[in-house]
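A closer look at the structure
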Amino acid sequence: MESPLRIAIIGQSNFAAEVLELLLEKHYNIVGVFTIPNKGTREDILAATAKQHSIPVFKFASWRRKGEVLPEVLKQYKSVQANLNVLPYCSQFIPMEVIDAANLGSICYHPSILPRHRGASAISWTLIEGDEVAGFSIFWADDGLDTGPLLLQKQCIVEPTDTLDILYKRFLYPEGIKSMAQAVNMVAEGKAPKIPQAEVGASYDAAMFKEQNHYIDFKKTAEDIWNFVRGLDSVPGALAVVLHEDGSEEKIRLFGAHLYADGPVIGGKSLTLKGLKNPAYIHDRGLLLEGTDGKFVNIRRIKRGSKMINACDWFTKCKQNQISNFSKDELDKRDLLINIWHSILKCPIEAETDFFAAGAGSMDVVRLVEECKDALDMSLDSGQVFMAPVFEEFFCEIIRSLRQESSGVQGRIHYDGFVLQANKREISVPTQLFINGEFMDAEQRKTLDIINPSNEELLCKVACASRLDVDKAVQAAHKSFYGAWRQVSARQRGHLMLKLADLMEEYKEELATIESIDSGAIYTLALKTHIGMSIDAWRYFAGWCDKIQGNTIPVSPGRPNNVLTFTKKEPIGVVGLVTPWNYPLMMLSWKMAACIAAGNTCLIKPAQTCPLTALKFAELTVKAGFPPGVINVVPGTGIEAGQAVSDHKLVRKLGFTGSTPIGKVVMRSCADSNLKKCSLELGGKSPLVIFADCDFEKAVKYGVCSVFFNKGENCIAAGRLFVEDRIYDEFVRRVLRDVRSMTIGDPLNRSTAHGPQNHRAHFEKLIEFCRRGIKEGAKLVYGGRPVPNTKGYFFQPTIFADVEDHMFIAQEESFGPIMIISKFHGSDVESVMRRANRTEYGLASGVFTRDISKALMFADNIEAGTVFVNVYNKTDVAAPFGGFKQSGFGKDLGQEALNEYLKTKCVTIEY
């Protein structure tokens, strides 16, 4: 049954609109809504809501003039014949003629426990004064400022994490709406009390909408400063003034304050604030302000003009040009964006409106992206919304993107480098360190000479990282891990990785050309394997990003309670990667893709002889949209940069591929520094056993491939072939024929099968390796020396036969195009197994036989991380890869690789 109440709602805002909706749900008769005029074309949401329900709407810019009620306004008000005025939130001064015209009276909402904090800024003052309790009052309006009799009050505890926004949203807003309806119910039932306000404890506070009241008084304790900042967070924000070195002043607003008790700040940069006795400090977690009591407040976010930044980024952002001087067309786009945001959020849109703080969810992000793309005819993705959630910041990013698209420079990054003219291409290649999303010179501009292995000529000079440079990269990764990267969801992480893989696919010919020139890999192999498998790795691990999960575990509870125990898989943190020179981009991708998929940030020190694809890859990460600091590339020497990565205490995991002796040094450094987790993929002397009952043609084909693939610079290369005596001579003859037919030469020539070795030191090591084999009595069947009359590090494919177990070349890895063949008798399978295992290495192995029992026995007994049966070098990104014994531990590739970059947390809850 309809209530006898005839209610006029006077006010504005979402709060008033929701009160209207709730009263309508309770079947109250709303006879009119009185609100503010439109702002331009934007109508207040209270008016829009009333129109949806066909309620008369009246919009008055003012209710009175020179202290007197405007007759035409009073006439329109009286026309609705209201008997109760409800004022949920009203910024206008309502004349007493209107207040008293409703014979049941006028009830108002006020966000404080009256009589404390009378005035327009009650919520702010509740926090500024450090009140332990907050709340709201619904009172009967009279001719005083919030002095009328009380109808009802509700309160809550002020939490240490409360700001103006949080307190309003968690209690004052939702409970206030319900209580306004409750108050109307009490009036309708005739049970609404009128309790006079006490004057004891009454306070009248200054209005905080005046800018002069926004300035922080630094002659206060840390707690007072903290309370002041949170009392103005997020609107309008506490004001401070930066005094720049050139004497200029800049107003800034501070947000996200908390009392700081996290120990001394290391490496902070000072910032001078007007009125603050001691300098403020920018550090990796914000801006530190010292109170008069010697204690500190930390500020997480700073607003400069219309741009909100993380306080820790102050000096970085100061260097960046702020977008300004908007054209008329761009300002029209601003109005268009305001309308789009308003249609989604259903609230007034101001410069500081935060999309998510205003209540937006994941579907709203999709809608925003799609509406902006349609309206502005531009490319946009959800990541840009998450990275710029504040309206003015979002608007500036949209304009920046549109300007870049129109000028054709979108996704470009500036760097010093050189233009590689090769393979009928002109390829721009960076030569600087890549740290925190930017290319930069090394300390003291130190460089490495990069030599083209095909002609021994200087290709370019690349920045050589020092310990200080490595520290910069680690700090950037550390900051990103606890900052921007944490805001990126697992699924978004996968999308970024897929976008990067697509870019690698788009630039694969350029990457393959660089890899071929830089490392000596033949172009066709670089294209298919070096680059192709790198792309596969990023796509494979992208699929894992949102499938990393823990388990629930049944445990024995202590009766009568129950217990829930579950595990969480979490990223480790900052990961250091040190990769070798044989597959520069592929080794980077094998490790980094799993690392990033798991949610870590990283820095990589690529091999000092061939870092160019890693640097070109860094450029693509910017195009893909990775936040600064997630991926950092620091070329340099192993003895300085590599050691610095191993030693750094903020690096929590190290992934290393290289030689066994260096692996031992790395492992020791990991233990001595901070006991960091490490995975090591080290040397190998992989045995390949070929039985007489094999498919002979296939065995010859894969036997040659097992040794000479990638000119022998292959960690799983067959370091020793055991061939059954019945087919031994024929096998050697056939292998010799195939090796003699290999085309050696320019790696960019599509017909070339064998390119130059990677660098001089390795080239000379192979010469010495062969000399020692000859000296110990092994039979040199072919090669064993550099290609004659040829410039470059070209080494002949080499075959040693009749190699005995005690010889040096039978025990040690050459890591080059050298085939070591030994004979065994088919009657003693167990003996050849023992010989194959008689090594400290255990990376890979292979067997060729048609006897499945023999093959399975080999797989059971061989001490190697990978076993190939009737094939060789068949790796796949989904299959785990790693060795045993002194070939290291830990896995690259496959699901198991993720565990190398994750930690398991166990959570137990009693209930």
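Residues numbered from 1 in each chain as written. Predicted model: local features only at pLDDT ≥ 70, side-chain atom pairs only at ≥ 80, totals over all residues. Heavy atoms only, no water.

**Some details on empty space enclosed by the protein**
Let me state the cut-off plainly: Grid points spaced at 1 Å over the protein atoms alone were grouped into cavities, where a 1.4 Å probe fits but cannot get out, and pockets, open sets with protein on both sides within 12 Å along at least five of seven lines, with lining residues defined by an atom within 4 Å of a point. Grid points are joined across faces, edges and corners, and a volume is the space filled by probe spheres set on the points. Note that Gly is not counted as nonpolar here; it falls among the polar residues with everything else outside the nonpolar set of Ala, Val, Leu, Ile, Met, Phe, Trp, Tyr, Cys and Pro and the charged set of Asp, Glu, Lys and Arg.
Scanning the entire structure with this criterion turns up three cavities of 30 Å³ or more. Here the largest cavity defines a volume of roughly 100 Å³. Every residue lining the largest cavity is counted, 14 residues in all, and those nearest its centre are Ala717, Gly719, Glu813, Ser814 and Phe815. The class makeup of the residues in the lining of the largest cavity is six nonpolar, six polar and two charged.

**Things to note about the domain arrangement of the chain**
The following threshold applies: Note that domain bounds follow an automatic or database assignment of domains. Residue contacts follow a heavy-atom distance rule, with two residues in contact if any of their heavy atoms lie within 4.5 Å. Note: buried area is the sum, over both parts, of the accessible area (probe 1.4 Å) each one loses when the two are combined. Throughout this description, the term salt bridge denotes a Lys or Arg side-chain nitrogen within 4 Å of a carboxyl oxygen of Asp or Glu.
Here the chain is described as being made up of domain 1 (6-189), domain 2 (211-313), domain 3 (333-406), domain 4 (431-681) and domain 5 (687-882). Contacts between domain 4 and domain 5 engage 30 residues on the former and 31 residues on the latter. Counting the surface lost from both domain 4 and domain 5, the interface buries some 2600 Å², and carbon and sulfur atoms represent 62% of this. In terms of surface lost to domain 5, no three residues of domain 4 exceed Glu456, Ile522 and Trp581, which account for 22% of the buried area on that side. Its salt-bridge partner being Glu457, residue Lys791 comes within 3.7 Å of it at the nearest N-O pair.

**A closer look at unusual backbone geometry**
Note on backbone geometry: most residues besides glycine have negative phi, and most peptide bonds are trans. Short version of the rule: Numbered from the N terminus, helices here are DSSP runs of H or I no shorter than four residues, and strands are runs of E no shorter than two.
Here Leu114 and Pro115 are connected by a cis peptide whose omega angle stands at 15°. Among the secondary structure elements, Pro115 is positioned in the loop between strand 7 (106-110) and helix 5 (122-128). You will see that Lys66, though not glycine, has its phi angle at about 50°, which is positive. Mapping Lys66 onto the fold places it in the loop between strand 4 (64-65) and strand 5 (68-69). For Asn710, which is not glycine, the phi torsion reads 55° and is therefore positive. Looking at the element boundaries, Asn710 is found in the loop between helix 21 (696-708) and strand 31 (718-724).

**Some details on the packing of aromatic side chains**
Going by this rule: Working definition: rings of Phe, Tyr and Trp (its six-membered ring) pair if their centres are within 6.5 Å, and the pair is stacked with planes under 30 degrees apart, edge-to-face with planes over 60 apart, and tilted otherwise. Working definition: with a 1.4 Å probe on protein chains only, accessible area under 20% of the residue-type maximum means buried, over 50% means exposed, and in between means partly exposed.
Under the counting rule described, the total for this entry stands at 31 aromatic pairs. An angle of 70° between the planes, with centres 5.1 Å apart, marks the rings of Trp590 and Phe881 as edge-to-face. Linking Trp590 in helix 17 (residues 584-597) with Phe881 in the loop between strand 37 (866-869) and strand 38 (884-885), this pair joins segments that are 291 residues apart in sequence. Assessed through its relative accessible area of 3%, Trp590 is described here as buried. Look at Phe881 and you get buried, because its relative accessible area is 3%. Between Phe691 and Phe824, the ring centres sit 5.3 Å apart and the planes meet at 85°, which makes this aromatic pair edge-to-face. A residue pair is termed long-range when its members are at least 10 positions apart, and Phe691 in the loop between strand 30 (686-690) and helix 21 and Phe824 in strand 34 (residues 818-824) qualify at 133 residues. Each member of the pair, Phe691 as well as Phe824, is classed as buried.

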